[in-house]
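The lines below spell out each chain.
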Amino acid sequence: MLRRAMQWLFDMTLGRAIDGRVRRQRLYEAVVFGPPPRLVVAPTAVVNNALFNTVSGRIVVEDHAFFGHNVCILTGTHDVAVLGPGRQHAIPSGGRDIVIKTGVWVASNATVLGPCVIGEHAVVAAGSVVVGDVAPFTIVGGVPARSIGQVSHGERGDTAAA
Ligand SMILES: CC(C)(COP(=O)(O)OP(=O)(O)OC[C@H]1O[C@@H](n2cnc3c(N)ncnc32)[C@H](O)[C@@H]1OP(=O)(O)O)[C@@H](O)C(=O)NCCC(=O)NCCS
(Lines give C-alpha, C1' and ligand atoms only; values in the text may rest on other atoms or scores of the structure.)
Protein backbone atom coordinates (compact mmCIF):
# COMPACT_ATOMS: atom_id res chain seq x y z
CA MET A 1 0.00 0.00 0.00
CA LEU A 2 2.73 2.40 1.02
CA ARG A 3 4.72 1.37 -2.04
CA ARG A 4 1.79 2.10 -4.36
CA ALA A 5 1.21 5.43 -2.71
CA MET A 6 4.85 6.38 -3.18
CA GLN A 7 4.76 5.31 -6.82
CA TRP A 8 1.64 7.42 -7.36
CA LEU A 9 3.36 10.39 -5.70
CA PHE A 10 6.42 9.92 -7.96
CA ASP A 11 4.27 9.67 -11.09
CA MET A 12 2.33 12.78 -10.20
CA THR A 13 5.36 14.88 -9.35
CA LEU A 14 8.89 14.05 -10.47
CA GLY A 15 7.85 11.46 -13.08
CA ARG A 16 5.51 13.90 -14.74
CA ALA A 17 8.13 16.63 -14.63
CA ILE A 18 10.70 14.39 -16.34
CA ASP A 19 8.16 13.25 -18.89
CA GLY A 20 7.21 16.84 -19.69
CA ARG A 21 10.82 17.91 -19.99
CA VAL A 22 11.58 15.10 -22.42
CA ARG A 23 8.54 15.79 -24.56
CA ARG A 24 9.44 19.45 -24.76
CA GLN A 25 12.62 18.48 -26.59
CA ARG A 26 10.45 17.94 -29.72
CA LEU A 27 12.62 15.18 -31.07
CA TYR A 28 10.30 14.54 -33.99
CA GLU A 29 9.64 18.07 -35.18
CA ALA A 30 11.79 19.30 -38.04
CA VAL A 31 12.02 23.04 -38.66
CA VAL A 32 12.62 25.07 -41.81
CA PHE A 33 14.54 28.34 -41.81
CA GLY A 34 13.94 29.99 -45.18
CA PRO A 35 11.30 29.42 -47.87
CA PRO A 36 9.43 26.17 -47.05
CA PRO A 37 8.64 25.34 -50.74
CA ARG A 38 12.38 24.84 -51.30
CA LEU A 39 12.29 21.74 -49.07
CA VAL A 40 11.10 18.40 -50.45
CA VAL A 41 11.15 15.37 -48.13
CA ALA A 42 10.00 12.03 -49.53
CA PRO A 43 7.11 10.46 -47.58
CA THR A 44 9.26 7.43 -46.69
CA ALA A 45 12.16 9.52 -45.34
CA VAL A 46 12.63 10.11 -41.58
CA VAL A 47 14.19 13.43 -40.58
CA ASN A 48 13.39 13.66 -36.85
CA ASN A 49 14.16 17.13 -35.47
CA ALA A 50 16.36 18.29 -38.33
CA LEU A 51 16.97 21.95 -39.03
CA PHE A 52 16.65 22.73 -42.75
CA ASN A 53 18.09 26.06 -43.89
CA THR A 54 16.68 26.83 -47.36
CA VAL A 55 17.83 30.46 -47.53
CA SER A 56 20.40 29.83 -50.30
CA GLY A 57 19.04 26.79 -52.11
CA ARG A 58 16.72 23.83 -52.44
CA ILE A 59 16.90 20.71 -50.28
CA VAL A 60 15.69 17.30 -51.44
CA VAL A 61 15.61 14.24 -49.18
CA GLU A 62 14.83 11.12 -51.16
CA ASP A 63 13.03 7.89 -50.29
CA HIS A 64 14.12 5.82 -47.27
CA ALA A 65 16.80 8.32 -46.25
CA PHE A 66 16.84 8.78 -42.47
CA PHE A 67 18.44 11.07 -39.92
CA GLY A 68 19.49 10.74 -36.30
CA HIS A 69 18.74 13.67 -34.02
CA ASN A 70 19.94 17.26 -34.23
CA VAL A 71 20.97 17.07 -37.88
CA CYS A 72 21.49 20.43 -39.66
CA ILE A 73 21.09 20.69 -43.43
CA LEU A 74 22.32 24.15 -44.37
CA THR A 75 22.17 25.87 -47.75
CA GLY A 76 22.55 29.35 -46.28
CA THR A 77 25.86 31.12 -45.84
CA HIS A 78 27.33 34.61 -45.49
CA ASP A 79 30.07 36.25 -47.58
CA VAL A 80 33.10 36.24 -45.30
CA ALA A 81 34.74 38.98 -47.42
CA VAL A 82 32.08 41.45 -46.37
CA LEU A 83 32.79 43.23 -43.11
CA GLY A 84 30.67 45.12 -40.64
CA PRO A 85 26.90 45.22 -40.67
CA GLY A 86 26.76 44.21 -44.36
CA ARG A 87 27.88 40.65 -43.55
CA GLN A 88 24.59 39.89 -41.84
CA HIS A 89 22.84 40.45 -45.16
CA ALA A 90 25.55 39.14 -47.54
CA ILE A 91 23.61 35.96 -48.21
CA PRO A 92 23.25 34.29 -51.65
CA SER A 93 19.65 33.67 -52.61
CA GLY A 94 20.40 30.42 -54.44
CA GLY A 95 22.98 28.09 -55.94
CA ARG A 96 23.73 26.01 -52.83
CA ASP A 97 21.31 23.10 -53.30
CA ILE A 98 21.56 19.90 -51.26
CA VAL A 99 20.34 16.49 -52.44
CA ILE A 100 20.28 13.55 -50.05
CA LYS A 101 19.73 10.50 -52.19
CA THR A 102 17.74 7.38 -51.51
CA GLY A 103 18.65 5.27 -48.48
CA VAL A 104 21.22 7.68 -47.01
CA TRP A 105 21.73 7.59 -43.22
CA VAL A 106 22.75 10.92 -41.69
CA ALA A 107 23.66 10.12 -38.07
CA SER A 108 23.05 12.32 -35.04
CA ASN A 109 24.56 15.79 -34.77
CA ALA A 110 25.87 15.76 -38.34
CA THR A 111 25.89 18.99 -40.33
CA VAL A 112 25.61 19.09 -44.11
CA LEU A 113 26.71 22.24 -45.94
CA GLY A 114 25.53 22.99 -49.46
CA PRO A 115 26.07 22.72 -52.29
CA CYS A 116 26.41 18.94 -52.25
CA VAL A 117 24.92 15.62 -53.24
CA ILE A 118 25.08 12.71 -50.81
CA GLY A 119 24.95 9.60 -52.97
CA GLU A 120 22.65 6.60 -52.65
CA HIS A 121 23.00 4.54 -49.45
CA ALA A 122 25.93 6.59 -48.17
CA VAL A 123 26.38 7.05 -44.39
CA VAL A 124 27.35 10.28 -42.63
CA ALA A 125 28.84 9.43 -39.22
CA ALA A 126 27.71 11.12 -36.03
CA GLY A 127 29.01 14.64 -35.52
CA SER A 128 30.47 15.00 -39.02
CA VAL A 129 30.49 18.13 -41.14
CA VAL A 130 29.91 17.38 -44.83
CA VAL A 131 31.42 20.06 -47.08
CA GLY A 132 31.11 18.46 -50.52
CA ASP A 133 29.71 15.57 -52.50
CA VAL A 134 29.67 12.10 -50.96
CA ALA A 135 29.93 9.15 -53.35
CA PRO A 136 27.21 6.48 -53.23
CA PHE A 137 27.76 3.62 -50.72
CA THR A 138 30.50 5.60 -48.94
CA ILE A 139 30.78 6.11 -45.15
CA VAL A 140 32.14 9.54 -44.26
CA GLY A 141 33.09 10.93 -40.87
CA GLY A 142 34.91 13.77 -39.15
CA VAL A 143 35.27 17.51 -39.63
CA PRO A 144 35.47 18.00 -42.54
CA ALA A 145 33.94 14.63 -43.43
CA ARG A 146 36.28 12.20 -45.21
CA SER A 147 35.76 8.63 -46.36
CA ILE A 148 36.10 6.21 -43.43
CA GLY A 149 34.64 3.17 -45.15
CA GLN A 150 32.40 1.62 -47.75
CA VAL A 151 28.97 0.03 -47.55
CA SER A 152 29.23 -3.42 -49.07
CA HIS A 153 26.44 -4.10 -51.51
CA GLY A 154 25.58 -6.96 -53.75
CA GLU A 155 23.48 -7.04 -56.83
CA ARG A 156 20.27 -6.44 -54.87
CA GLY A 157 20.18 -2.81 -53.73
CA ASP A 158 17.55 -3.55 -51.10
CA THR A 159 19.89 -5.83 -49.14
CA ALA A 160 22.82 -3.46 -48.88
CA ALA A 161 24.51 -3.88 -45.49
CA ALA A 162 27.34 -2.10 -43.70
C1 LIG B 1 29.31 5.69 -39.00
C2 LIG B 1 29.26 4.57 -37.98
C3 LIG B 1 27.96 3.77 -38.19
C4 LIG B 1 30.46 3.68 -38.29
O5 LIG B 1 30.45 2.61 -37.41
P6 LIG B 1 31.47 1.37 -37.65
O7 LIG B 1 31.29 0.82 -39.01
O8 LIG B 1 31.29 0.46 -36.49
O9 LIG B 1 32.86 2.08 -37.65
P10 LIG B 1 34.08 1.92 -36.65
O11 LIG B 1 33.68 2.26 -35.25
O12 LIG B 1 34.69 0.57 -36.91
O13 LIG B 1 35.07 3.06 -37.14
C14 LIG B 1 35.71 3.00 -38.41
C15 LIG B 1 36.62 4.21 -38.53
O16 LIG B 1 35.79 5.38 -38.63
C17 LIG B 1 36.09 6.30 -37.55
N18 LIG B 1 34.82 6.85 -37.09
C19 LIG B 1 33.77 6.18 -36.60
N20 LIG B 1 32.78 7.02 -36.28
C21 LIG B 1 33.23 8.26 -36.56
C22 LIG B 1 32.65 9.54 -36.44
N23 LIG B 1 31.43 9.70 -35.96
N24 LIG B 1 33.38 10.58 -36.84
C25 LIG B 1 34.63 10.42 -37.31
N26 LIG B 1 35.23 9.22 -37.46
C27 LIG B 1 34.52 8.16 -37.08
C28 LIG B 1 36.75 5.44 -36.48
O29 LIG B 1 37.59 6.20 -35.66
C30 LIG B 1 37.51 4.43 -37.32
O31 LIG B 1 38.69 5.03 -37.77
P32 LIG B 1 40.08 4.18 -37.86
O33 LIG B 1 39.81 3.09 -38.87
O34 LIG B 1 41.09 5.19 -38.32
O35 LIG B 1 40.32 3.64 -36.51
C36 LIG B 1 29.29 5.07 -36.53
O37 LIG B 1 30.59 5.51 -36.19
C38 LIG B 1 28.32 6.22 -36.28
O39 LIG B 1 28.62 7.38 -36.49
N40 LIG B 1 27.13 5.87 -35.82
C41 LIG B 1 26.08 6.84 -35.62
C42 LIG B 1 25.36 6.62 -34.29
C43 LIG B 1 24.15 7.48 -34.19
O44 LIG B 1 24.15 8.64 -34.53
N45 LIG B 1 23.09 6.89 -33.70
C46 LIG B 1 21.79 7.56 -33.57
C47 LIG B 1 20.76 6.81 -34.35
S48 LIG B 1 20.59 7.47 -35.99
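What you see is a predicted model, and the numbers here were worked out from it, not measured in a lab.

Rules behind the numbers
All chains use their own residue numbering, which begins from 1 and follows the written sequence. A pLDDT threshold of at least 70 governs which residues receive local features in this predicted model, and a stricter bar of 80 or more applies before side-chain atom pairs are shown or counted, although totals over entire chains, interfaces and linings include all residues. The basis for every side-chain value is the complete set of non-hydrogen atoms in the structure, without hydrogens or water. Numbering of helices and strands starts at the N terminus; helices are DSSP runs of H or I of at least 4 residues and strands are runs of E of at least 2. Relative accessibility under 20% of the residue-type maximum defines a buried residue, over 50% an exposed one, and the middle range a partly exposed one, all with a 1.4 Å probe and only protein chains included. Contact criterion: two residues are considered in contact whenever any of their non-hydrogen atoms come within 4.5 Å of each other. Each accessible area value is a Shrake-Rupley result obtained with a 1.4 Å probe; residue values ignore everything except the protein chains displayed when judging cover. Working definition of a nonpolar core: buried Ala, Val, Leu, Ile, Met, Phe, Trp, Tyr and Cys residues. They are joined through side-chain atoms within 4.5 Å. Any carboxyl oxygen of Asp or Glu within 4 Å of a side-chain nitrogen of Lys or Arg constitutes a salt bridge here. Any two strands with at least two DSSP-identified bridges between them are counted as paired. Nearness of a residue to a molecule or strand requires only that one of the residue's heavy atoms be within 4 Å of it. For this analysis, a polar contact is any N or O atom pair within 3.5 Å, provided that within protein one partner can donate a hydrogen and the other can accept it, and provided that sequence-adjacent residues contribute only side-chain to side-chain pairs. Between 30 and 60 degrees the pair is tilted, below 30 it is stacked and above 60 it is edge-to-face, where a pair is any two Phe, Tyr or Trp rings, Trp via its six-membered ring, whose centres lie within 6.5 Å.

Caption draft 1: Geometry of the overall build of the protein chain. Helix and strand counts for the protein chain stand at one helix and 14 strands. In the protein chain, which comprises 162 residues, the proportion classed as buried is 31%. Long-range contacts, defined as pairs at least 24 residues apart, comprise 23% of the intrachain contacts of the protein chain with a sequence gap of at least 6. For the protein chain, the computed accessible surface area is about 9,900 Å², with 60% contributed by carbon and sulfur atoms.

Caption draft 2: The nonpolar core, seen in detail. The biggest cluster of nonpolar side chains holds 26 residues, and the ones touching the most others in it are Phe52, Val61, Phe67, Ile73, Ile100, Ile118 and Val130. For this core, the secondary structure elements donating two or more residues are β4 (59-61), β7 (98-100) and β10 (116-118). With residues near it in sequence (within four places) discarded, Ile73 still touches Leu51, Phe52, Asn53, Ile59, Phe67, Ile98, Ile100 and Val112.

Caption draft 3: Quick look at the pattern of salt bridges. Using the criterion set out here, one finds one salt bridge in the structure. Between Lys101 and Glu62 there is a salt bridge, and its shortest N-O distance comes to 3.5 Å. Of the two residues, Lys101 is situated in the loop between β7 and β8 (105-106) and Glu62 in the loop between β4 and β5 (66-67); the sequence distance between them amounts to 39 residues. Accessibility expressed as a relative area gives 22% for Lys101, which makes it partly exposed. In this structure Glu62 comes out as partly exposed when scored by relative accessible area, which is 23%.

Caption draft 4: Geometry of the sheet that holds β5. The mixed open sheet is built from five strands, whose spatial order is β5-β8-β11-β13-β14. Each edge of the open sheet carries a strand with a single partner, namely β5 and β14 (146-150). Relative to strand β11 (residues 123-124), β8 runs parallel, the two being bridged by two bridges. Across the sheet, residue Trp105 finds its bridge partner in β11, namely Val123.

Caption draft 5: Main features of the site of the ligand. In the neighbourhood of the ligand, the contacting residues comprise Gly68, Trp105, Ala107, Ser108, Ala125, Ala126, Ile139, Gly141, Gly142 and Ile148. Ala126 is positioned with one of its backbone polar atoms (N or O) 2.8 Å from a nitrogen atom of the ligand.

Caption draft 6: Main features of the packing of aromatic side chains. Within this structure, the stated rule accounts for two aromatic pairs. Where Phe52 meets Phe67, the ring centres are 6.1 Å apart and the plane angle is 40°; that geometry is what we call tilted. Placement of the pair is Phe52 in strand β3 (residues 51-53) and Phe67 in strand β5, with a sequence separation of 15 residues. By relative accessible area, which is 3% here, Phe67 ends up buried. Judged by centre distance (5.8 Å) and plane angle (15°), the rings of Phe66 and Trp105 are stacked. With Phe66 in strand β5 and Trp105 in strand β8, this pair connects stretches of sequence that are 39 residues apart. With relative accessibility at 35%, the residue Phe66 sits in the partly exposed group.

Caption draft 7: The side chain of Thr75, seen in detail. If you trace the backbone, Thr75 turns up in the loop between β6 (72-74) and β7. At 3.4 Å, the side chain of Thr75 forms a polar contact with the backbone nitrogen of Val55. For Thr75, the side chain forms a polar contact with the main-chain nitrogen of Gly57, separated by 3.2 Å. If sequence neighbours within four positions are ignored, Thr75 has contacts with Asn53, Thr54, Val55, Ser56, Gly57, Arg58, Ile59, Arg96 and Ile98.

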